[in-house]
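# Architecture at a glance
What follows is the residue order along each chain.
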Amino acid sequence: PHATTAATPDKPHANNDRSRTRLARWRPEPGKGEEERMNLAEAPEYLTVQQLAKLLQVPVATIYRWRYLGEGPPGIRVSGRHVRFRRSDVEAFLRDREDRPHAGARF
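Residues numbered from 1 in each chain as written. Predicted model: local features only at pLDDT ≥ 70, side-chain atom pairs only at ≥ 80, totals over all residues. Heavy atoms only, no water.

### Comments concerning the packing of aromatic side chains
Using the following cut-off: We call Phe, Tyr and Trp rings a pair once their centres come within 6.5 Å, taking the six-membered ring for Trp, and we label the pair stacked below 30 degrees between planes, edge-to-face above 60, and tilted otherwise. Runs of H or I in DSSP of at least four residues are treated as helices and runs of E of at least two as strands, each being numbered from the N terminus. Think of it in three bands: residues with accessible area under 20% of the maximum for their type are buried, residues over 50% are exposed, and the middle band is partly exposed, with areas taken using a 1.4 Å probe on protein chains only.
Evaluation of the coordinates by the stated rule reveals one aromatic pair. Measuring from ring centre to ring centre gives 5.5 Å for Trp66 and Phe93, while their planes differ by 55°; the resulting arrangement is tilted. Of the two residues, Trp66 is situated in helix H3 (residues 60-69) and Phe93 in helix H4 (residues 87-96); the sequence distance between them amounts to 27 residues. Grouping residues by exposure puts Trp66 and Phe93 together as buried.

In structure tokens form, the structure reads like this:
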């Protein structure tokens, strides 16, 4: 078994080393983020689920949920388990979802 440390005033959430390592894995690497975003103009003609999620800055699970609910851009099944999204369909999807305030809207 693993040794654990008791909580003290200077370490209120003391735990074993494994839990700290597990939490550290979820932190983004320094310098990553902005440059990893995908630009629609630079996107390939056919995007994977992962590329679409990255482009729209949503979790991959959201893309799958949209497909299940019949929302989101239409996909093209290129083989049994592989789906691609045409860039022009993604552009149309985004145009249809543009947020246009109504006449009495206040900001």
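### Let's talk about the sheet that holds strand S3 (residues 82-86)
Quick note on the threshold: DSSP bridges decide pairing: two strands pair if at least two such bridges lie between them.
Overall, antiparallel pairing links the three strands, which are arranged S1-S3-S2 in an open sheet. Edge strands, defined here as strands with exactly one partner in the open sheet, are strand S1 (46-47) and strand S2 (76-79). In this structure, S2 lies alongside S3, joined through three bridges in antiparallel fashion. Residue pairing in the sheet places Arg77 in a bridge with Val83 of S3.

Geometric values such as these leave the question of function open.
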